[in-house]
Amino acid sequence: NVTEVQTCALPISAGALRITSALLGGQFPPIDPQLSAVTNRTLRGRADQLLADIDLVMTVANFRDRDFRFDLGPTCEVSAFRVLGGGPEMGAVQLEAAFEGAPLAIGFQFPLVRDALQLFGSSPIAWRMGGAEDATIISSPDHPDVEALVFPFRLVADHQRIAA
């Protein structure tokens, strides 16, 4: 809950030593303006379908805790890769989703996205995004009281080069 985070304070004391900072003292930067600013790009689809497509691509990455890449525009694609002795292997799936806004290449860690999308079951979602390094928000009209905040993962140079 954003309100709880914004009102909590946690200074640390050990004997005569007192550690504090603006964040520890409860002086968090306002979160609401950051969240409301994430509106210029939106990926729309069913949560379970997106998760199934991402899960399929993650079989190529070989590890379920790896990152993946969305290439969003007129067509929407998710991809992942791994490097073996013979060179890189890449898997890609075209998403059954619609994207509104300027094209975007953005990466995420699979466990974070999996946990967020599972909150919405088979409901339609709107995944609002700013830029490749901005926080993203997943919401659903079927669950108006739930929003998932997911931070992107910076794409590694190999992923940028292999996916291009």
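The structure we're discussing is the one just above.
Each chain carries its own residue numbering, running from 1 in the direction its sequence is written. Totals for whole chains, interfaces and linings use every residue, but because this is a predicted model, local features are given only for residues with pLDDT of at least 70 and side-chain atom pairs only at 80 or more, for both listing and counting. Heavy atoms throughout the structure, all of them, feed into the side-chain values; hydrogens and water do not.

Engineer: Teacher, can you tell me more about the nonpolar core here?
Structural biologist: Side chains that are nonpolar tend, in soluble globular proteins, to be buried together. We call a set of buried Ala, Val, Leu, Ile, Met, Phe, Trp, Tyr and Cys residues a nonpolar core when their side-chain atoms join them within 4.5 Å. For every residue, the accessible area (1.4 Å probe, protein chains only) is compared with the maximum for its type, and the residue is labelled buried under 20%, exposed over 50%, or partly exposed between those bounds. If you look at the biggest cluster of nonpolar residues, it comprises 30 residues, and the most contacted ones within it are F68 and F70. What counts as a helix is a DSSP run of H or I of at least four residues, what counts as a strand is a run of E of at least two, and both are numbered from the N terminus. At the level of secondary structure, the elements contributing two or more residues to this core comprise α3 (47-61), β4 (67-72), β5 (76-84), β8 (104-109), α4 (110-118), β9 (124-129) and β11 (143-150). Per-element tally for this core: the top contributor is α3, with 6 residues. In this analysis, two residues are considered to be in contact whenever any of their non-hydrogen atoms come within 4.5 Å of each other. Sequence-distant contacts of F70, defined by excluding residues within four places in its chain, comprise L43, I54, E77, V78, L95, L104, A105, I106, F108, W127 and M129.

Engineer: Could you clarify how one ought to interpret α4 in this entry?
Structural biologist: Helical geometry: 3.6 residues make up each α-helical turn, so side chains three or four residues apart lie on a common side. All of the buried residues in α4 are F110, V113, A116 and L117. Viewed along the axis of α4, the buried residues span an arc of 135°, placing them on a single side of the element. Summarising the geometry, the arc corresponds to the directions from the helix axis toward the C-beta atoms.

Engineer: Can you walk me through the pairing of strand β10 (residues 136-140) in this structure?
Structural biologist: A regular strand places its side chains on the two faces of the sheet in alternate fashion. Counting buried residues along β10, 5 of its 5 residues qualify, which places the element largely inside the surrounding structure. Alternating residues of β10 divide into T136, I138 and S140 and I137 and S139, and every residue in both groups is buried. Sheet topology places β9 next to β10; 3 bridges connect them, and they run antiparallel. When the bridges of β10 are listed, A126 appears paired with S139. The antiparallel hairpin formed by β9 and β10 contains 6 residues in its connecting segment. Two strands pair if DSSP finds at least two bridges between them. Pairing analysis gives 5 bridges linking β10 to β11, with the strands arranged antiparallel. By the bridge assignment for β11, I137 is matched with L149. The turn joining β10 and β11, which pair antiparallel and follow one another in sequence, is formed by 2 residues.

Nothing here speaks to function; it is geometry throughout.
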